[in-house]
Amino acid sequence: MTKSSGDKFNPIVQELQEFAFSQQGSMTIVRVLGYGLLLLALFDIIVMFIPPNFMNPAWEFQTIGALVERVPVPLIGLVLVFFGELHSRTKLELPILKVLSWLTLVFGILFFLLIPLGLTNTIRLNTQSTAQIQTVSTQQASQAEQLEQQVSKASPEQISKFLKSQGREIDGKSPDELKNQLLSEVSQAKKQIKTQAEATQSLRGLNLIKTSAKWNLGALVAGTLFIFIWKGTRWARN
């Protein structure tokens, strides 16, 4: 009875052994792929910081976004490298795993620190954008004011010549009507300048807030995942 049961389970044990050996080969491929992804991520980061332009809010903001957008590659690479824990590891690989484990903690903290930096740069960029739009709007309004003054002081003949030079038809209107028409157009242009400036600022502000929210939340998720990997790789540090 016992011998018969042993003969019955031998094929199952052999099949499990073959599966384990095949998994070792697959595990090596998975880990090599992980190291490759980490190297590719490293190359991306190096290029990202050449040349550095710290204290520039636009460069810092875009760099934070680039880091967040590319974070899935190193995360997947780390998971693949740590796959299988200590099974089928060489002695040379053990210190590398220890360093990578501690680096996940460092990266997690760095991504958390990027959040206040991203928020600060969002405010600075919004302030700069508002100032630029106001400067352009003020210049355009000033030009409209000057044109309005010139039209007010212009003679009927000058207004008539101006309209003809613009290819516009007078349609038998009197000089006073033409003058009032031009003043009305200038007044409308001044209102449009203000309205367009407000619309542009509103659109830019909305796009900036959306992008900032996406990247800052991404940094929060990335930092959490790095800390999670660090906690799960205690075996590599021991």
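Quick notes on the rules
Residues numbered from 1 in each chain as written. Predicted model: local features only at pLDDT ≥ 70, side-chain atom pairs only at ≥ 80, totals over all residues. Heavy atoms only, no water. Phe/Tyr/Trp six-rings, centres within 6.5 Å; stacked < 30°, edge-to-face > 60°. Lys NZ or Arg CZ within 6 Å of the ring centre and 35° of its normal. Buried < 20%, exposed > 50% of the residue type's maximum accessible area, 1.4 Å probe, protein only. Helix = DSSP H or I, 4+ residues; strand = E, 2+ residues; numbered from the N terminus. Salt bridge = Lys/Arg side-chain N within 4 Å of Asp/Glu carboxyl O.

Q: It is not clear to me how the packing of aromatic side chains should be interpreted in this structure. Could you clarify?
A: Note on aromatic pairs: each is described by the distance of the centres and the angle between the planes. On inspection of all chains with the given rule, the structure shows eight aromatic pairs. Each residue in the set Phe49, Phe54 and Trp59 is aromatic and connected to the rest through ring pairs, giving one cluster. In this structure, arginine 237 packs its charged tip against the face of tryptophan 102, placed 5.3 Å from the ring centre.

Q: I would appreciate a short explanation of helix α3 (residues 72-82) in the present structure.
A: When we look at burial in α3, the residues that qualify are Pro74, Leu75, Gly77, Leu78, Leu80, Val81 and Phe82. Once α3 ends, the next one or two residues include glycine 84, with phi positive near 90°.

Q: Whenever I open this one, the pattern of salt bridges confuses me. Can you help?
A: In a structure, side chains of opposite charge can pair up when their charged atoms sit close to one another. Taken as a whole and judged by the stated rule, the model has five salt bridges. Here glutamate 69 and lysine 214 are joined by a salt bridge, their closest N and O atoms 3.2 Å apart. Here lysine 214 lies in helix α6 (residues 175-232) and glutamate 69 lies in helix α2 (residues 57-70), a separation of 145 residues in the sequence. Looking at lysine 214, the relative accessible area reads 51%, which means it is exposed. A single salt-bridge network, built from bridges that share partners, covers Glu145, Glu148 and Lys190.

As far as function goes, none of this settles anything; it's purely spatial.
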